[in-house]
Amino acid sequence: MSSNFGRYGLAASVLAIGLGGTQAMAQDDQAPSSEIVVTASRTGESRLRDTPIAITALSADQLDQRGVNDIRGLTDYTPNLQIADFTGYAQIFIRGVGSNDPFAGTDPSSTVHLDGVYLGRTLGYFSSFLDVERIEVLRGPQGTLYGRNSVGGTINVITRKPTEEFKARLQAGAGTYGTASGAAYVSGGLGGGVAAGLAVQYRRNGDYFDNVSTGGDIGRDSNFGIRGQIVAPLGDGEAILRGDYTRQKGRLVGYSKLLAPTGLATDDAVLGDYDKVSLNRRNRQEQSGGGVSLELSFPLTDTVTLKSLSSWRQLHGNLDYDSDASASDIGRSTVNLRQEQYSEDLSLTGKFDNLTLFAGLFYFHEKVKEPLRFTLYPADASNFRLPEIRTSSIAFYGQAEYAVSSQVSIVAGLRYTRERKKLAGRFLWTASASPDFDTALSAPVIGAPYFYDPFVASASETYDAWTPKFGINFRPDANSLIYASVTRGFKSGGYDMGATDKVIAERGFAPELLWSYEVGAKTSLIDRKLDIALTGFRYDYDDLQVTLFVPPSYAVTQNAASARTYGVELEMQARPTRGFTLSGTLAYLDAKYRHYTGAYTAAFGAFDATGKRLNNAPEWAFTVGAQYEFPLAGGNSYIGADYKWQDDLYFSPANDGADGVSGYLEQQKAYGLFNARVGWTSDDGRYGIALVGRNLLDKNYVVSTASYTAAISGRPVTPRTVDATFTINW
């Protein structure tokens, strides 16, 4: 920990320099002319520093300048956010709270909402951002106010709302690894107070990783998206109709980088070389999805507003990958996801003299079919898991904030959630390794003693919970906020797609529950030239849903653990002189299993993980950045850079090892990333050029690992990239 403490000291010193330097700021410098406004509280717009929630917000300009194209880039700028990649499925961890199991029988613990609509499956989370106005990352349980209980937190993606004023934008880009991108946006009035907007984007890149075996290079990806919106008056309110469609296709990276030798010369020759992999079979992925939503807002009186958000969405995904991560012909996995969801969120907002009320009704229905096949070539056999999951969830919620005085308000909220899940599915092994799915499925069924006997599962279960919130807010002045809250989080139970017998499959697993205790302070000092947000929290986590990977291909989820988490988060932005901005974040996280005696890995078997750290929960992390804006060549230029460092990261309850053995490979040692950017915009804002470099130090690391491969393997990250863009605005 001495080196870790040294890096923490460096981060603290940089922040202190930035904070200390602000004491000499000239008092006649102007504060920023605009600031990010958020809607995280769901009671209307509020300034970021006035919102009593631990939240990080990034505007469209900030995302564009930093080259953040999807949710993975948010980890560089958000404290205690980790995003892993489970062969195309996103795994979001906020303050150590997340889910390792992305399949149909379970749900994410940290979620994504698109314009207020909850996205049920994580396979589509990596789609490129399209026409985004801002991103809000809310940390901590959001169960009182948000659609389905987000026990860890949620990422809100808010798209740009069209206006009657004509606006258009055209952007083209190119970069390393054959990257090419294009985006277009147009918005304007149609008459009668109606406005419409249409956005289209396309982005592709070549392969990032060379394959020294026969399976072809990997990393190539193409992403297309289109979104349309219409805003129309509805009496004194308005109606917003949105529709979107995305398509992604490429060569899946997955757990392709072996971290340990297999004994095969082709594999072992590229150990430690993160630019090369050794796969004998091709990796492929193809996804498409989209939906429509209708948002209605209608004031019933001067103080009460009725809102309705109705949505329908679907997602299709096909994955096909070499699941042994080696040149050996051991195993291959295919997934064929078909998902459809409906949701309705009906709410009332009332704003009175000293009282703000928010109450609503939420309904969600989802149907998921997700056939999974694992082919075991040495045994000439295939394992089929053919589940269908139907989920219906209904919730009633309400929250009130009462102003005791001009400075103090108290908050109380309550949500009741009742959720029903139904499972129907076949689970079996067959005596065929045919590449054709139907041929292999129709082959003779096999079972004991080498495989589990076939079975059909049919079950339903109902889960419910009351999740309250209590809080107090203190505003000592117009630019400061101190708050404290106690919140309960809830995530429903589900069914285990890795079950090997009928009883376990139909029994499923129970909900997980979390109590969160949080205090925070936000302030803007020195004529708004210094913004600080500081948060401290504690979690008590019961019935934690833990996923174990059991050879040859089974992912087993169980309520095996309790945990407790302490943490501190600091976010800072300073503007010591006109055009110059310093920013920084610092995160400390002590996240450990309080009781977990039934842990398991293939390497150690069963062991006691009590006292070990949770997955994806580094103890220390920080980001420091600076940007300078200045006039140049008849326009305005900027140059900026960020450096992010984070501590050791574990992907298994074994952490560094168990039973006296250390150096276990399912981890990522501490590392740092350096990103930089430079750009120019004409004085009239019409023309712009930008150059963005990410991972400029070309750091090699993994964001997740697998132990079911030929040897332990990891998901390698994108290497150093540089992209240039040219933009025209009208």
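Residues numbered from 1 in each chain as written. Predicted model: local features only at pLDDT ≥ 70, side-chain atom pairs only at ≥ 80, totals over all residues. Heavy atoms only, no water.

Participant: What should I look at first to understand the sheet that holds strand E40 (residues 702-706) in this one?
Facilitator: Strand pairing in a sheet is mediated by backbone hydrogen bonds. Such pairs are either parallel or antiparallel. Taken in spatial order, the 3 strands line up as E16-E41-E40 in an open sheet, and their pairing is antiparallel. In this open sheet, the two edge strands, each paired with only one partner strand, are strand E16 (257-258) and E40. (Pairing = 2+ DSSP bridges. Helix = DSSP H or I, 4+ residues; strand = E, 2+ residues; numbered from the N terminus.)

Participant: Which parts of the structure should I look at to understand the nonpolar core?
Facilitator: Within soluble globular proteins, side chains that are nonpolar tend to cluster in buried spots. One finds Tyr-89 and Trp-429 to be the most contacted residues of the largest nonpolar core, which totals 33 residues. Elements with a contribution of two residues or more to this core: strand E19 (304-321), strand E20 (331-351), strand E22 (372-376), strand E23 (381-403), strand E24 (408-430) and strand E26 (455-474). Apart from the residues within four sequence positions on either side, Tyr-89 is in contact with Ala-84, Pro-102, Phe-103, Thr-122, Leu-123, Phe-126, Leu-319, Val-335 and Glu-370. If you look at the next biggest cluster of nonpolar residues, it comprises 31 residues, including Leu-514, Phe-537, Ala-617 and Ala-654. (Core = buried A, V, L, I, M, F, W, Y, C linked by side-chain atoms within 4.5 Å. Buried < 20%, exposed > 50% of the residue type's maximum accessible area, 1.4 Å probe, protein only. Contact = heavy atoms within 4.5 Å.)

Participant: Can you walk me through the environment of Ser-682 in this structure?
Facilitator: With respect to the secondary-structure elements, Ser-682 resides in strand E38 (residues 671-682). Residue classification places Ser-682 among the buried residues on the basis of a relative accessible area of 9%. For Ser-682 and Tyr-118, which are 564 residues apart along the polypeptide, the C-alpha to C-alpha distance reads 39 Å. What Ser-682 contacts, discounting residues up to four positions off in sequence, is Gly-634, Gly-635 and Tyr-687.

Participant: For this particular structure, what's the right way to read the confidence of the model for the chain?
Facilitator: Low-pLDDT stretches of the model should not have their predicted coordinates read in fine detail. Looking at the chain as a whole, its pLDDT mean stands at 91, while 94% of the residues score no less than 70. With pLDDT under 50 throughout, residues 1-33 is counted as low confidence; its partners more than four residues away or in other chains account for 44 contacts. (pLDDT = per-residue confidence, 0-100.)

Participant: Looking at this structure, I do not really get the pairing of strand E29 (residues 530-550). What am I missing?
Facilitator: Side-chain positions along a regular strand alternate between the two faces of the sheet. Two strands pair when backbone bridges link them, and strand E28 (residues 512-525) and E29 are joined in this way by 13 bridges, in the antiparallel orientation. Bridge pairing links Thr-523 to Ile-532 in E29. Hairpin connection from E28 to E29: 4 residues lie between these consecutive antiparallel strands, with Ile-526 at a positive phi of about 50°.

Participant: Hey, could you run me through the pattern of salt bridges in this one?
Facilitator: Proximity of charged atoms lets side chains of opposite charge pair with each other. Within the structure shown, the criterion is met by 38 salt bridges. Note that Arg-121 is salt-bridged to Glu-366, the shortest N-O span being 3.0 Å. Of the two residues, Arg-121 sits in the loop between strand E7 (117-118) and strand E8 (132-139) while Glu-366 sits in strand E21 (residues 355-369), which places them 245 residues apart along the sequence. With a relative accessible area of 6%, Arg-121 lands in the buried category. In this structure Glu-366 comes out as buried when scored by relative accessible area, which is 1%. One salt bridge connects Glu-401 with Arg-475, and the closest N-O pair in it is separated by 3.9 Å. Here Arg-475 lies in the loop between E26 and strand E27 (480-491) and Glu-401 lies in strand E23, a separation of 74 residues in the sequence. A cluster of three or more residues bridged by salt bridges with shared partners is formed by Arg-95, Arg-139, Glu-518, Glu-569 and Glu-571. (Salt bridge = Lys/Arg side-chain N within 4 Å of Asp/Glu carboxyl O.)

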